[in-house]
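Spelled out, the chains give:
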Amino acid sequence: MQQEEFLFFCDFIKKKAGIHLDNSKEYLVQARLDDVSKSLGCPTFTDFYRRVKFNSTPDLTDKIIEAMTTPETCFFRDTSPFDALKNHLLPELFEKKKDIKSLRIWSAASSTGQEAYSIAMTLRDMQDMFGGWYIHIMSTDISNRVLKIARSGKYSQFEVSRGMPVNLLSKYFQKTDGGWAVDDKIKRMVEFRKFNLFDTFVNFGTFDLIFCRNVLIYFTTADKKNILDRMASNLDKRGHLILGSTETIFGITDKYTKKSYGRFASYQIK
Ligand SMILES: C[S@@+](CC[C@H](N)C(=O)[O-])C[C@H]1O[C@@H](n2cnc3c(N)ncnc32)[C@H](O)[C@@H]1O
């Protein structure tokens, strides 16, 4: 890949998905886009570059974004957010919202759905509190490929072995030929939508919980601030923003205050 081609793709991917790539990622860009180029039958990488530069289509753009995004996820990832959800955040929200009996949750950049289904199973296991409530879990991602898997609710033995507690597996999954399928009553709790975090979400309404985990790491500090500031407008004043275990708002935005629950921390709007 020529330097000019590398710079073009860095700019293209930044504009389309916000993903910031620097020189240290040249090998990664080359390897991942080579695969896309070959899958399209382009004779050389330069032909592929010219096709994207002068004749791109939404489908081709999606292929490039999908090649450059990292869908790594698992059920109940990091455990502590889900322990806090069950033991603190949901019981608190139950008290605060029992007059209106409604909860809206956004799993932003949810990849193949494990995060959203982990939230749904946690809530379903708290039927004694939330039975009869209006519960809406919106799960979004920029990639059609991961959304297709998420919507199918089908996972391999390996995928369920990563983080899925055995009691919940037997309660909320059915064994299939190729692995496991999420029960319909859990699937019905989640709405999956294609969505780029750089697009406007003013019309998404207000959420009680926003999970925005392990995606901001791919963006510049200015872009992290842009997204976090806008999310603050969609978060209920009693609600919580939940980031990935290695992520923080400090040095990025002052719109939130930190709330600690043992090892776990969430953020509330000021
Ligand atoms: C590492 S996964 C995180 C999945 C899940 N939140 C978790 O923590 O396990 C990152 C996801 O962010 C998505 N993504 C990357 N850029 C995005 C953007 N601009 N808008 C929406 N989703 C994006 C990717 O497609 C990928 O599925």
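None of the values given here were measured: they were computed from a predicted structure.

*Asks:* Please give an account of helix 12 (residues 221–233) that cites residues and values.
*Replies:* When the terminal C-alpha atoms of helix 12 are compared, their 19 Å separation across 13 residues agrees well with the 18 Å that a helix rising 1.5 Å per residue should span. All buried positions along helix 12 are accounted for by Asp223, Lys224, Ile227, Leu228, Asp229, Met231 and Ala232. Residues of helix 12 that are buried sit in contact with helix 1 (3–17), strand 1 (102–108), strand 7 (207–212), strand 8 (235–243), strand 9 (256–261) and strand 10 (264–269).

*Asks:* Can you break down the site of the ligand residue by residue, with the values?
*Replies:* The full set close to the ligand counts 21 residues, and Ala17, Thr73, Arg77, Asp141 and Asn214 are the nearest of them. Between aspartate 141 and the ligand, the recorded distance is 2.6 Å, taken from a side-chain N or O atom to an oxygen atom. Interatomic distance of 3.0 Å between a side-chain N/O atom of asparagine 196 and a nitrogen atom of the ligand. Within the complex, 99% of the 610 Å² of free accessible area of the ligand lies under protein. When the residues that make up the shell around the ligand are grouped by side-chain class, the tally is nine nonpolar, seven polar and five charged.

*Asks:* With reference to specific residues and values, describe the packing of helix 1 against helix 2 (residues 26–39).
*Replies:* Between helix 1 and helix 2, whose axes approach to 11 Å, the crossing angle comes to 85 degrees. As far as their axial angle goes, helix 2 and helix 1 are roughly perpendicular. Contacts between helix 1 and helix 2 involve Gln3, Phe6 and Phe9 from the first element and Glu26, Val29 and Leu33 from the second. Of the residues contributing to the contact of helix 1 with helix 2, the split by class is four nonpolar, one polar and one charged.

*Asks:* Tell me about the pairing of strand 9, residues and numbers included.
*Replies:* Successive side chains on a regular strand alternate, one facing one side of the sheet and the next facing the other. One ladder, built from six bridges, connects strand 9 with strand 10; its direction is antiparallel. Paired with serine 260 across the two strands is alanine 265, which belongs to strand 10. Here strand 9 folds back onto strand 10 in antiparallel fashion, the turn holding two residues, of which glycine 262 has a positive phi close to 60 degrees.

*Asks:* So what about the domain arrangement of the protein chain? Which residues, and what values?
*Replies:* As assigned here, the protein chain comprises domain 1 (3–68) and domain 2 (80–269). Each of domain 1 and domain 2 was reduced to a C-alpha centroid, and the two centroids are 30 Å apart. Taken together, both faces of the contact between domain 1 and domain 2 bury some 770 Å²; the carbon and sulfur share is 49%. Lysine 194 is the partner of aspartate 62 in a salt bridge, and the nearest nitrogen-oxygen pair spans 3.0 Å. For the pair domain 1 and domain 2, the number of links is seven residue pairs in polar contact (both at pLDDT 80 or more). Elements with a contribution of two residues or more to the side of domain 1 that touches domain 2: helix 1 and helix 4 (58–68). Across the side of domain 1 that touches domain 2, the residue classes tally to three nonpolar, two polar and four charged.

Calculation criteria
- The numbers attached to residues start from 1 for each chain and follow its sequence in the written order.
- Only residues with pLDDT of 70 or above have their local features reported here, since the model is predicted, and side-chain atom pairs are shown and tallied only from 80 upward, although totals for entire chains, interfaces and linings are computed over all residues.
- Hydrogen atoms and water are omitted, and side-chain values are computed over all heavy atoms in the structure.
- Starting at the N terminus, helices and strands are each numbered in turn, a helix being any DSSP run of H or I of at least four residues and a strand any DSSP run of E of at least two.
- Multiply 1.5 Å by the residue count of a helix minus one, and that product is the helix's expected span.
- Only protein chains enter the area calculation, which uses a 1.4 Å probe; residues under 20% of their type maximum are buried, those over 50% are exposed, and those in between are partly exposed.
- When checking whether two residues touch, look at their non-hydrogen atoms; a contact exists if any pair is within 4.5 Å.
- By convention in these notes, a residue is near a molecule or strand provided one of its non-hydrogen atoms lies within 4 Å of it.
- In the analysis that follows, any N or O atom pair within 3.5 Å is treated as a polar contact, provided that within protein one partner can donate a hydrogen and the other can accept it, and provided that, for residues neighboring in sequence, both atoms belong to side chains.
- To measure how exposed things are, a 1.4 Å probe is used in the Shrake-Rupley method; for residues, cover is taken only from the protein chains shown.
- The classification used treats Ala, Val, Leu, Ile, Met, Phe, Trp, Tyr, Cys and Pro as nonpolar, Asp, Glu, Lys and Arg as charged, and all other residues, Gly among them, as polar.
- Inter-axis angles, ranging from 0 to 180 degrees, are taken between N-to-C directions of lines fitted to C-alpha atoms, where helices are fitted over the stretch in contact.
- Here is the rule for angles: anything less than 35 degrees is roughly parallel, anything more than 145 is roughly antiparallel, 65 through 115 is roughly perpendicular, and the remaining ranges are oblique.
- Strand pairing is assigned whenever DSSP identifies at least 2 bridges connecting the two strands.
- Source of the domain bounds: an automatic or database domain assignment.
- Accessible area that two parts lose when put together, with a 1.4 Å probe and added across both, is what the buried area reports.
- When a carboxyl oxygen of Asp or Glu is within 4 Å of a side-chain nitrogen of Lys or Arg, the pair counts as a salt bridge.

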